[in-house]
Amino acid sequence: MKTFLYGSLAVVAAAALLGACGRQDSTTYLVMGTNAEFPPFEMRGGPGGTKVVGFDVEVAKAIAAKVGLPLKIEDMKFDSLLPALDAGKVDMVLAGMTITPDRARNVDFSAPYYKATQVVLIRKGDPAPTRKEDLQGRTVAVQLGTTGAGVAVELAGQENVRQFTSTMDAVVELMNTKVDFVVIDEQPAINFQKRNAPDLDLVRLAFADEFYGVAVKKGNAELLARVNEALAEIVADGRYDQFVDQWLIQAPDPAAETAAE
Ligand code: GLN
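Residues numbered from 1 in each chain as written. Predicted model: local features only at pLDDT ≥ 70, side-chain atom pairs only at ≥ 80, totals over all residues. Heavy atoms only, no water.

Moving on: the environment of I234. As for its position among the elements, I234 is in helix α8 (residues 221-236). I234 gets classed as buried once you look at its relative accessible area, which sits at 1%. Residues I234 and I63 lie 171 residues apart in sequence; the distance between their C-alpha atoms is 9.4 Å. The contacts of I234, once residues within four sequence positions are left out, are V59, A62, R239, Y240 and F243. (Helix = DSSP H or I, 4+ residues; strand = E, 2+ residues; numbered from the N terminus. Buried < 20%, exposed > 50% of the residue type's maximum accessible area, 1.4 Å probe, protein only. Contact = heavy atoms within 4.5 Å.)

Time to look at the nonpolar core. Core analysis: the biggest nonpolar cluster contains 35 residues, and L30, F55, V59, I63, M92, L94 and Y114 have the highest contact counts within it. Those elements giving two or more residues to this core turn out to be β1 (30-34), β4 (51-53), α2 (55-67), β8 (114-123), α8 and α9 (239-247). Top element by residues in this core is α2. It accounts for eight residues. Not counting chain neighbours up to four residues away, the residues in contact with F55 comprise P40, F41, Y113, Y240, F243, V244, W247 and L248. With 16 residues, the next largest nonpolar core counts V142, V151, A152 and L205 among its residues. (Core = buried A, V, L, I, M, F, W, Y, C linked by side-chain atoms within 4.5 Å.)

An order of β2-β3-β4 is seen for the three strands of this open sheet, with the pairing classed as antiparallel. In this open sheet, the two edge strands, each paired with only one partner strand, are β2 (37-38) and β4. (Pairing = 2+ DSSP bridges.)

On to the sheet that holds strand β6 (residues 92-93), then. What holds strands together in a sheet is hydrogen bonding between their backbones, with the strands either parallel or antiparallel. Read across the open sheet, the five strands follow the order β5-β1-β6-β14-β7; overall the sheet is mixed. The open sheet terminates on both sides in strands that have one partner only, identified here as β5 (71-75) and β7 (107-109). Alignment of β7 against strand β14 (residues 215-217), held across three bridges, turns out to be antiparallel. When the sheet's bridge partners are listed, D108 is paired in β14 with V216. Taken strand by strand, α2 contacts β1, β5 and β6, and its axis lies near 160° from that of β1. The strands that α8 touches are β1, β7 and β14; relative to β14, the one it contacts most, it runs at about 160°. (Axes fitted to C-alpha atoms, helices over the stretch in contact; angles between N-to-C directions.)

The next point concerns the site of the ligand. All residues adjacent to the ligand are F38, F78, A95, G96, M97, T98, R103, Q143, T146, T147, D185 and Y212. At a separation of 2.7 Å, an oxygen atom of the ligand approaches a polar side-chain atom of R103. Contact between the ligand and T147: an oxygen atom at 2.7 Å from a main-chain N or O atom of the residue. With respect to the detected pockets, the ligand is housed in the largest cavity. Looking at the shell around the ligand residue by residue, the class counts come to five nonpolar, five polar and two charged. (Near = heavy atom within 4 Å. Polar contact = N/O pair within 3.5 Å; in protein donor to acceptor, adjacent residues only side chain to side chain. 1 Å grid on protein atoms, 1.4 Å probe; cavity = no way out; pocket = protein on both sides within 12 Å on 5 of 7 lines; lining within 4 Å. Sits in = over half its atoms within 2 Å of the grid points. Nonpolar A, V, L, I, M, F, W, Y, C, P; charged D, E, K, R; others polar.)

Such coordinate-based values are descriptive only and should not be taken to indicate function.
In structure tokens form, the structure reads like this:
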């Protein structure tokens, strides 16, 4: 009885929390919006390859536990995620999403939970760019709506950038020799490069640091507070490090590489 009572109270509290964001079935789930094409943060996996798994899913589960609701995942195009949040179709977005001033005008971001950067993928054997300026006037494939797309447009020129809804389609375009480069976040780049090691090389240039954040609907201070609490807790109790060990690929240390040469 006691369990039942406390259980109901938790659900009522969670409903109040999510009610603020206007989603219809807010008593039932905490809904994470993502684009499951960004390994190792989110991708299809598990038995039969049908579940959405990855680093962000682990973080989202910890947030859902904090809120007291089971997690539900909505997989959609990357550029549909923030509109879905605004429309109340999802409660939070975890999608390896970089905190940017533009996005922060429309949604609220948690504290940063991961430091990332852009890198360039090239076909093995092709001349590698050595500076960002080497992208000027070259053709680049990117994922639509990403910070990588912004970087590519700035460096290569709008007319030279082909935008795809999926990261994999951008990589396939490169492998099919339709473009010179792909500009993409480092962890998915390492992942694609490993999977297609005979065909692809990864090049690091002086791109800025980017920081991933969890996005919630603008003004949903209650949920944002729970998200930040959950993030602080997983860091403090070692779960964050476990997720890193389980999912992320250690990027080679460029200093160590140079020393070995
Ligand atoms: N970090 C990049 C961005 O926020 C890419 C994210 C993604 O493609 N899932 O735009």
